[in-house]
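# Observations on chain architecture
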2 protein chains.
Amino acid sequence: MLKKKGTMLSVREDLRILDCTIRDGGLVNKFHFTDDFVRGVYETCVASGVDYFEIGKNNSPTLMSEDEFGAWNFCKEEDIRRIVGENNTDMKIAVMSDIGRTVKDELLPKADSVVDMVRIAAYAHQIPEAIELIEDAHAKGYETTINIMAISKLFESDLDEVLETVSKTPVDVIYVVDSFGSFYPEQIRKLTEKYLKIAEETGKKVGIHAHNNMQLAYANTIESMVYGTSFLDATISGLGRGAGNCPLELLIGFLKNPKYKIQPLLKFIQDEIVPLEKELDWGYSIPYMITGQLNEHPRSAMKARAEGDTQFVKFYNSLLDAQQ
Amino acid sequence: MLKKKGTMLSVREDLRILDCTIRDGGLVNKFHFTDDFVRGVYETCVASGVDYFEIGKNNSPTLMSEDEFGAWNFCKEEDIRRIVGENNTDMKIAVMSDIGRTVKDELLPKADSVVDMVRIAAYAHQIPEAIELIEDAHAKGYETTINIMAISKLFESDLDEVLETVSKTPVDVIYVVDSFGSFYPEQIRKLTEKYLKIAEETGKKVGIHAHNNMQLAYANTIESMVYGTSFLDATISGLGRGAGNCPLELLIGFLKNPKYKIQPLLKFIQDEIVPLEKELDWGYSIPYMITGQLNEHPRSAMKARAEGDTQFVKFYNSLLDAQQ
């Protein structure tokens, strides 16, 4: 039986908040954030006591268009330093690597970089390539995570094999990722139990990355946390692809550690997010609810939102048809 | 130890969905819905398999202004029948009574009314008056519920006394009500356990009525349900005062009983809710998050929303000041 760690009033010293506003938000606008905005998120996170700040992806400019995507899709060392300098703060810097878009030889040794953590996002079938990246980043001196995506589409036996495999790597954190925002709290708890068992046997931590398709990103994050997950992903105002993520301001409102402060977040939201909401579209809506309930990738919902399509019955039935 | 009732895949025969779109939504527009809109919600609920439809409040026209409030604040028999006729459906009709605004002698005998259920909303200190209304409605032939409000502000020993007292009445359902949207799933589970214990001893059912201040209305509803709550309140698109309620379309997407259908809800949302969202303001936003986190009545947040005030830091600090 899974036991709770801590109580409603206790401080869990193992908890780490990871802000991925720029990285997951970059999926909304192809990483075209201004330096001022990125610096604003960075400084807000420092002031709020956030533990890790994910500044973007480290895709290779040899594999993706620098005309199409903004700087935070590539995260060159000089671009990061333009924002964070030497990062003389208690907050660590993270970047995310995509399989097939990252060239491992481009990753600098840790001694030459302000980046502290490399997070590797991979589908189950990409695990061998993910392991190469994990081993390389670990050997170069970085903390590493593995974010196994789309597990709601996997056979459980395949997930077990993936977990068994990654548990033998030097990876520091294994993430429960709800790519399609399709998991209910009961399922998140069972997944947390599964991940924790294998992580604790091998001295690793577990993380949670949730999406808000069914208004459950925050609930699933605290459900997973209550049962022992240590790394909690969140974004300011839930900014992120599709229905977005667990809102950082909700998460910080729940946590009892006095080092976390909500006012800097409220300030950034009133100054920067309120105007941004007029330009970019993200967050819970009916099309995202439908793809979440049907355990589908949100791309059809993103298309419906972009086109202003509110024919929800037709949308629902077309997805049902596609599943048959 | 609280046990789960049913599994992710089972049908719970004790479950009842209660739609309160018109009643809780009436708090947004002082019950000024058109007959077409009310009939639309009624027919949508019938088609979706909803079990109870709460059409409004039965306040007395002798105590409140009929000029200020629309028909659904009073629910006269002829007004209800104009919408539902004899209600020859499987769905039952409910109205809500407020303490101090309802005149019990105005309640018709059940034989003369299409109403099936009277729900009594009361603060702890109003329980003696609530019991009078429960006994009167029960004697006249109605099903009854007691919705004890603002329990997040009560001492637990006082709540225990309230529950002990209402358990001795003929009331059929005791509702866990999260008036300020301030409860976390762990707290909802503890409350569910407390309510269920006393309800099961006295042959009653438990209900849940959640608000969405912290994006937890749906999560809290299914959390409470999983542990044995039978009556589940929801509204279409969460329409309701302030941050709104548990969205009915999310709830129906979760439940496995094939009698519940989502398409009629999607149709009503695309036809009626999408335009309504341009006129009325409800649903999750930062001011409601703040009152929820601070366990305060949403009235200050409603004022901020009405004024378009997005000075969130000032708003937060003013509430903190008021609590000191």
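Reading guide: rules and limits
Residues numbered from 1 in each chain as written. Chains lettered and ligands numbered in written order. Predicted model: local features only at pLDDT ≥ 70, side-chain atom pairs only at ≥ 80, totals over all residues. Heavy atoms only, no water. Helix = DSSP H or I, 4+ residues; strand = E, 2+ residues; numbered from the N terminus. Buried < 20%, exposed > 50% of the residue type's maximum accessible area, 1.4 Å probe, protein only. Contact = heavy atoms within 4.5 Å. Areas by Shrake-Rupley, 256 points an atom, 1.4 Å probe, with all protein chains shown as cover. Lys, Arg positive; Asp, Glu negative; His and termini not counted. Charge placed at Lys NZ, Arg CZ, Asp CG, Glu CD. Least-squares fit on C-alpha atoms with pLDDT ≥ 70 in both. Axes fitted to C-alpha atoms, helices over the stretch in contact; angles between N-to-C directions. Parallel < 35°, antiparallel > 145°, perpendicular 65-115°, else oblique. Left-handed = near helix turned anticlockwise from the far one by under 90°. Nonpolar A, V, L, I, M, F, W, Y, C, P; charged D, E, K, R; others polar. Buried area = accessible area lost by both parts, 1.4 Å probe. Salt bridge = Lys/Arg side-chain N within 4 Å of Asp/Glu carboxyl O. Polar contact = N/O pair within 3.5 Å; in protein donor to acceptor, adjacent residues only side chain to side chain. Pairing = 2+ DSSP bridges. Core = buried A, V, L, I, M, F, W, Y, C linked by side-chain atoms within 4.5 Å. Phe/Tyr/Trp six-rings, centres within 6.5 Å; stacked < 30°, edge-to-face > 60°. Lys NZ or Arg CZ within 6 Å of the ring centre and 35° of its normal. pLDDT = per-residue confidence, 0-100. Domains from an automatic or database assignment. Right-handed = clockwise from strand over helix to strand, strands pointing away.

Once that is clear, we can look at the overall build of chain A. The helix and strand tally for chain A stands at 12 helices and eight strands. Along the three orthogonal principal directions, the C-alpha set of chain A runs to about 55 × 45 × 45 Å. Every one of the 324 residues in chain A was classed for burial, and the buried ones make up 62%. Long-range pairs, those at least 24 residues apart, make up 76% of the contacts in chain A between residues at least 6 apart in sequence. Carbon and sulfur atoms make up 50% of the accessible area of chain A, which totals about 12700 Å². Of the charged side chains in chain A, 36 are positive and 50 negative, and the gap between their average positions amounts to 4 Å.

Turning our eyes to something else, we now look at the relation of the copies chain B and chain A. With an RMSD of 0.0 Å, the operation that places chain B on chain A is a rotation of 180° combined with a shift of 0.0 Å along the axis. These values place the two chain copies in the arrangement generated by a two-fold rotation axis. In this assembly the copies share their binding face: 100% of the residues contributing to the interface of chain B also contribute to that of chain A.

It is worth spelling out the packing of helix α5 (residues 156-167) of chain B against helix α6 (residues 185-201) of chain B at this point. Packed helices, taken two at a time, are described by the angle between their axes plus the distance between the axes. Residues and elements named next belong to chain B. Two elements in contact, α5 and α6, have axes whose closest approach is 10 Å; the angle formed by their N-to-C orientations is 30°. The orientation of α5 with respect to α6, classified from their angle, is roughly parallel. Like other packed secondary-structure pairs, α5 and α6 cross with a definite hand, here right-handed. Residues E156, L159, D160, L163, E164 and S167 of α5 form the contact with α6, whose own contacting residues are L191, K194, Y195 and I198. Tallied by class, residues from the contact of α5 with α6 come to five nonpolar, one polar and four charged.

With that settled, consider the environment of V11 of chain A. All names here are of chain A. Here V11 shows up in the segment before β1 (16-19). The class for V11 is partly exposed, based on a relative accessible area of 34%. A C-alpha to C-alpha distance of 5.6 Å links V11 and K256, two positions 245 residues apart in sequence. Setting aside residues no more than four positions away along its own chain, V11 makes contact with K256, N257 and P258.

The contact between helix α12 (residues 312-322) of chain A and helix α9 (residues 263-276) of chain B brings their axes to 8 Å, and the two run at 150°. For the pair α12 of chain A and α9 of chain B, the contacting residues are F312, V313, Y316, N317 and L320 of chain A in the first and Q263, L266, K267, I269, Q270 and V274 of chain B in the second. Counted by class, the contact of α12 of chain A with α9 of chain B contains seven nonpolar, three polar and one charged residues.

Looking now at the interface of chain B and chain A. At the junction of the two partners, chain B supplies 42 residues and chain A supplies 42 residues. Considering only the surface of chain B that becomes buried against chain A, M8, E186 and Q215 of chain B emerge as the three largest contributors, covering 17% of it. In this structure, the connection of chain B to chain A is made through two salt bridges. Notably, a salt bridge pairs K4 of chain B with E186 of chain A, separated by 3.4 Å at the nearest N-O pair. Summed over the shared surface of chain B and chain A, the result is 14 residue pairs in polar contact (both at pLDDT 80 or more). Listing elements by their share of the side of chain B that touches chain A, those giving two or more residues are α6, α7 (217-226), α8 (248-254), α9, α10 (286-293) and α12 (312-322) of chain B. When residues of the side of chain B that touches chain A are assigned to their parent elements, the largest contribution, six residues, is made by α9 of chain B. A class-by-class count of the residues in the side of chain B that touches chain A yields 26 nonpolar, 10 polar and six charged.

All names here are of chain A. On the basis of which strands lie adjacent, the closed barrel formed by eight strands has the order β1-β2-β3-β4-β5-β6-β7-β8 and parallel pairing. Sheet twist, expressed as the mean angle between neighbouring strand axes with direction ignored, is 25°. In terms of strand pairing, β1 meets strand β2 (residues 52-57) through two bridges, oriented parallel. Bridge pairing in β2 links L18 to Y52. Across the sheet, helix α2 (residues 35-48) lies against β1, β2 and β3 (92-98), angled at about 160° from β2, the strand it touches most.

One finds I55 and I146 of chain A together with I55 and I146 of chain B to be the most contacted residues of the largest nonpolar core, which totals 207 residues. Discounting residues that sit within four places of it in the chain, I55 of chain B has contacts with I22, V38, W72, C75, I80, I83, V84, I93, A94 and V95 of chain B.

This brings us to the packing of aromatic side chains. Counting across every chain of the model gives 10 aromatic pairs over all chains. When the ring of F33 of chain A is compared with that of F37 of chain A, the centres are 5.0 Å apart and the planes differ by 10°; the resulting orientation is stacked. Each member of the pair F33 of chain A and F37 of chain A is classed as buried. The rings of F33, F37 and F268 of chain A are connected pair by pair, giving a single aromatic cluster. One cation-aromatic arrangement involves K256 of chain B over Y184 of chain A; the distance from NZ or CZ to the ring centre is 6.0 Å. Geometry around F254 of chain B places K256 of chain B over its ring, the cationic atom sitting 4.7 Å from the centre.

Further remarks concern the confidence of the model for chain A. Of all residues in chain A, 99% attain a pLDDT of 70 or more, and the chain-wide mean is 96. Prediction confidence for the complex, expressed as pTM and ipTM, is 0.96 and 0.95 respectively.

All names here are of chain B. Look at A150: it is not a glycine, yet its phi comes out positive at around 55°. Here A150 lies in the loop between β5 (143-148) and α5. In this structure, S237 is a non-glycine residue whose phi angle is positive, near 55°. As for its position among the elements, S237 is in the loop between β8 (231-234) and α8.

Now for the domain arrangement of chain A. All names here are of chain A. Each domain of chain A was delimited in the assignment, giving domain 1 (16-276) and domain 2 (286-322). Counting residues at the interface gives 10 residues for domain 1 and 10 residues for domain 2. Between domain 1 and domain 2 lies a buried interface of about 920 Å² when both sides are counted; carbon and sulfur atoms form 56% of it. By the criterion of area lost to domain 2, the three top residues of domain 1 are F180, N213 and R241, representing 47% of everything that side buries. At the boundary of domain 1 with domain 2, the tally comes to one salt bridge. The salt bridge involving K153 is made with E296; its shortest N-O contact spans 3.6 Å. Applying the counting rule to domain 1 against domain 2 returns six residue pairs in polar contact (both at pLDDT 80 or more).

Quick look at the pairing of strand β4 (residues 117-122) of chain B now. All names here are of chain B. Within β4, six of the six residues are buried, which leaves the element mostly enclosed by the surrounding structure. Pairing of strand β3 (residues 92-98) with β4 involves five bridges; the strand directions are parallel. In the strand pairing of β4, V95 is matched with V118. Sheet analysis places β4 next to β5, joined by six bridges and oriented parallel. Residue pairing for β5: A121 is matched across the bridge by N147. A crossover links β4 with its parallel partner β5, the connecting element being helix α4 (residues 127-139), and its sense is right-handed.

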